[in-house]
Amino acid sequence: MEIRYPATVESQNDGSFLVQFVDLPDTFTEGQTKEEALFNAGEVLSAMLAWRLDEAKDVPVPSQKVKGAHYIAPDAKTQAAMLLRLARGERSLSELARALETSWPAAKRLEDPTHWPSLKTLDRAAAALGKRLVLVLE
């Protein structure tokens, strides 16, 4: 699964650009240029998603095929935490911990967007959830 959130970009009267996320109405930013605004959008998206994950708030699944939208990805740590949470679904963290033969706190850290799990750990967690870890460089 690829995690990219659609955002609209609007030119402002002063020449700056406003970016607003379709699925996260409380998440927006701006920049003096379109490129700066889109860069800032990745930063604010990562921060908002990390906060939602950390606070156990609902994290909406990104909308697909929004006409005219720019699709923006959060940083790698946030994506990893989100993907594991989505893959876990209704399974408890205790079930994941047992499958990984680790502790509950160690399993919980896998869904912590401030934690950097190793690729080996991510691969084991994906396998335990019946998934496969795939990396993409852009």
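Everything that follows concerns the structure shown earlier in this document.
Below is a summary of the structure that appears in this document. Keep in mind that what you see is a predicted model, and the values were worked out from it rather than measured.

### Quick look at the sheet that holds strand 4 (residues 70-72)
In step 1: Taking strand neighbours across the sheet as the criterion, the 4 strands line up as 3-2-1-4 in an open arrangement whose pairing is antiparallel. Of all strands in the sheet, those with a lone pairing partner are strand 3 (28-31) and strand 4, marking the two edges. Across the sheet, the mean angle from the axis of one strand to that of its neighbour is 35°, orientation sign disregarded.
In step 2: Looking at chain direction, strand 1 (residues 5-11) and strand 2 (residues 17-21) are connected through 5 bridges and run antiparallel. Note that in strand 2 the partner of alanine 7 across the bridge is phenylalanine 21.

### Thoughts on the side chain of threonine 78
In step 1: Relative to the elements of secondary structure, threonine 78 occurs in helix 2 (residues 76-88).
In step 2: Taking the relative accessible area as the measure of exposure, threonine 78 reaches 1% and is therefore buried.
In step 3: Within the structure, threonine 78 has its side chain in polar contact with the side chain of aspartate 75 (distance 2.7 Å).
In step 4: Contacts of threonine 78, omitting those with residues within four sequence positions, involve Ser46, Leu49, Ala50, Leu53 and Pro113.

### So, the nonpolar core
In step 1: Among the nonpolar cores identified, the biggest contains 16 residues, and Tyr5, Phe21, Leu45, Leu49, Ile72 and Met82 are the most heavily contacted of them.
In step 2: Those elements giving two or more residues to this core turn out to be strand 1, strand 2, helix 1 (34-54) and helix 2.
In step 3: Tallying contributions element by element places helix 1 first for this core, with 5 residues.
In step 4: In this structure, isoleucine 72 is in contact with Ile3, Arg4, Tyr5, Ala7, Val19, Phe21, Leu38, Ala41, Gly42 and Leu45, ignoring residues within four places of it in sequence.
In step 5: Counting residues in each nonpolar core, the second largest holds 12 residues, with Ala80, Leu93, Ala97 and Leu110 among its members.

Rules used in this analysis
Residues numbered from 1 in each chain as written. Predicted model: local features only at pLDDT ≥ 70, side-chain atom pairs only at ≥ 80, totals over all residues. Heavy atoms only, no water. Pairing = 2+ DSSP bridges. Helix = DSSP H or I, 4+ residues; strand = E, 2+ residues; numbered from the N terminus. Axes fitted to C-alpha atoms, helices over the stretch in contact; angles between N-to-C directions. Buried < 20%, exposed > 50% of the residue type's maximum accessible area, 1.4 Å probe, protein only. Polar contact = N/O pair within 3.5 Å; in protein donor to acceptor, adjacent residues only side chain to side chain. Contact = heavy atoms within 4.5 Å. Core = buried A, V, L, I, M, F, W, Y, C linked by side-chain atoms within 4.5 Å.

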